[in-house]
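Chain by chain, the residues run as shown.
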Amino acid sequence: MAQPESSSAAGNRNLKATANGSSAAHDLPWVEKYRPVYLDDIVGNVETIERLKIIAKDGNMPHVIISGMPGIGKTTSILCLARQLLGPHAYKEAVLELNASDERGIDVVRNRIKGFAQKKVTLPQGRQKLVILDEADSMTSGAQQALRRTMEIYSSTTRFAFACNQSNKIIEPLQSRCAILRYARLTDEQIVQRLMAVTKAEDVQYSDDGIAALVFSAEGDMRQAINNLQSTAAGFGFVSGENVFRVVDSPHPIKVQAMVKACWETKVEQAMEGLEELWGLGYSCHDIVSTMFKVTKTMPGLSEHARLEFIREIGFCHMRILDGVQTLVQLGGCIAKLCKINMKPELFVPP
């Protein structure tokens, strides 16, 4: 298993090399400018990346399905693996990448993918062409069914890699033909490590609460964290907590935490004042209840029982909001129920 120091050093080398590249690279979004080039540069999911490194070394790649939440390096891992398997020259000719934005019905499978599989390409000894299907869980069932036979016929010359958010939306016959790799969301430490490297490469001024706000708003999504960093740096020139939450347009967690704390202390009027302040700032029901959920999960001072009860009530409120009941009354009812959890039962006994 790779040591954290060597992985970090490799990532920093890649960042510096990219930052000092051509003027074309200078105009790229940071999420593309600092996209990892080799498997050593990828942050997180260390055990799975180690398995991919072994595949890159041996050269015998199976069909794979990589599943996990957005922004954690699924597609990047496949592209890095392809680059190391095939080399920089063969990579351009021997890789076919289709995204969800491309047409991927039965006709594409029968014509474009099958035509690519039949194409003759000069490759290193023991290597195969690679078809990358990003967001594969959005492919139609018919297109997935059409892939079954193509994968079997051309498996000696072409391998398939599927990247998806939910592997259960890939049909069973395709799952049985593939090795399934599951990616976990990135930890806060891993996101901070990469954010610090990008801020250093781009000479961005920041504060500690600004980095903490980026991590909080990203929820394990590296792509979103880097995009928010670039947006905040471009819009304000300084990455502070206040600036980050203005860019992502979500309620400040300190205000939401004060509101939830007031519920815990059964201060109904104070909690409602906090809610009305957020509502007056123009935040939607969905933004407020989502931030309440994130804050409650990590809020200090709550007992485990109270935390679970709070999350349950917030979850029911979120469900009703998603059904279309997006009113202040709905949020007010949620606040009242949260306050009731810690109140004495005898207060509710009729005289």
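Residues numbered from 1 in each chain as written. Predicted model: local features only at pLDDT ≥ 70, side-chain atom pairs only at ≥ 80, totals over all residues. Heavy atoms only, no water.

## Things to note about helix α9 (residues 188–202)
Here α9 spans 21 Å end to end across 15 residues, near enough to the 21 Å set by a 1.5 Å rise per residue. Looking only at α9, the buried set comprises Q190, I191, R194, L195, A197, V198 and T199. The positive-phi residue at the C-terminal boundary of α9 is D203, with phi of around 55 degrees. (Helix = DSSP H or I, 4+ residues; strand = E, 2+ residues; numbered from the N terminus. Expected span 1.5 Å × (residues − 1). Buried < 20%, exposed > 50% of the residue type's maximum accessible area, 1.4 Å probe, protein only.)

## A closer look at the pattern of salt bridges
Tallied over the full model, the rule gives 11 salt bridges. Between E202 and K33 there is a salt bridge whose closest N-O contact spans 2.7 Å. Note that E202 is positioned in helix α9 and K33 in helix α3 (residues 30–33), a separation of 169 residues in sequence. For E152, the salt bridge goes to R177, with nearest N and O atoms at 2.6 Å. Placement of E152 in helix α7 (residues 141–153) and of R177 in the loop between α8 (172–176) and β5 (179–182) is noted, with a sequence separation of 25 residues between them. (Salt bridge = Lys/Arg side-chain N within 4 Å of Asp/Glu carboxyl O.)

## Examining the packing of helix α6 (residues 106–118) against α7
The contact between α6 and α7 brings their axes to 7 Å, and the two run at 30 degrees. In this view, α6 runs roughly parallel relative to α7, as classed from their interaxial angle. Judged by residue contacts, I106, V109 and I113 of α6 engage G142, A143, A146, L147 and T150 from α7. Taken together, the residues of the contact of α6 with α7 sort by class into 6 nonpolar, 2 polar and no charged. (Axes fitted to C-alpha atoms, helices over the stretch in contact; angles between N-to-C directions. Parallel < 35°, antiparallel > 145°, perpendicular 65-115°, else oblique. Contact = heavy atoms within 4.5 Å. Nonpolar A, V, L, I, M, F, W, Y, C, P; charged D, E, K, R; others polar.)

## Some points on the environment of I254
Summarising the element assignment, I254 is placed in helix α13 (residues 253–264). Using a relative accessible area of 62% as the deciding quantity, one classes I254 as exposed. On a C-alpha basis, the gap between I254 and V295 in space is 8.6 Å, while along the polypeptide they are 41 residues apart.

## Details of the sheet that holds β5
The parallel open sheet is built from 5 strands, whose spatial order is β2-β3-β4-β1-β5. Two strands bound the open sheet, and with one partner strand each, they are β2 (95–98) and β5. The mean angle between the axes of side-by-side strands here comes to 15 degrees, regardless of whether they run parallel or antiparallel. Taken together, the 4 bridges between strand β1 (residues 64–67) and strand β4 (residues 158–164) define a ladder with parallel strand orientation. Along β4, the bridge assignment pairs I65 with F162. Relative to the sheet, α7 contacts β3 (129–134) and β4, its axis offset from that of β4 by approximately 145 degrees. (Pairing = 2+ DSSP bridges.)

## Digging into the side chain of K74
Tracing the chain through its elements places K74 in helix α5 (residues 74–94). Although K74 is buried, it makes no salt bridge; E135 carries the closest opposite charge, 5.7 Å away. Leaving out residues up to four positions away in the same chain, K74 has contacts with I66, S67, G68, M69, A163, C164, N165 and Y183. (Lys, Arg positive; Asp, Glu negative; His and termini not counted.)

## Here's the deal with the packing of helix α4 (residues 46–58) against α5
Where α4 contacts α5, the two axes come as close as 9 Å, and the packing angle between them is 25 degrees. The angle between α4 and α5 places the two elements in the roughly parallel class. Pair α4 / α5 crosses with right-handed handedness. Contacts between α4 and α5 pair I49, L52, I55 and A56 from the former with S77, L81, Q84 and L85 from the latter. Looking at the contact of α4 with α5 residue by residue, the class counts come to 6 nonpolar, 2 polar and no charged. (Left-handed = near helix turned anticlockwise from the far one by under 90°.)

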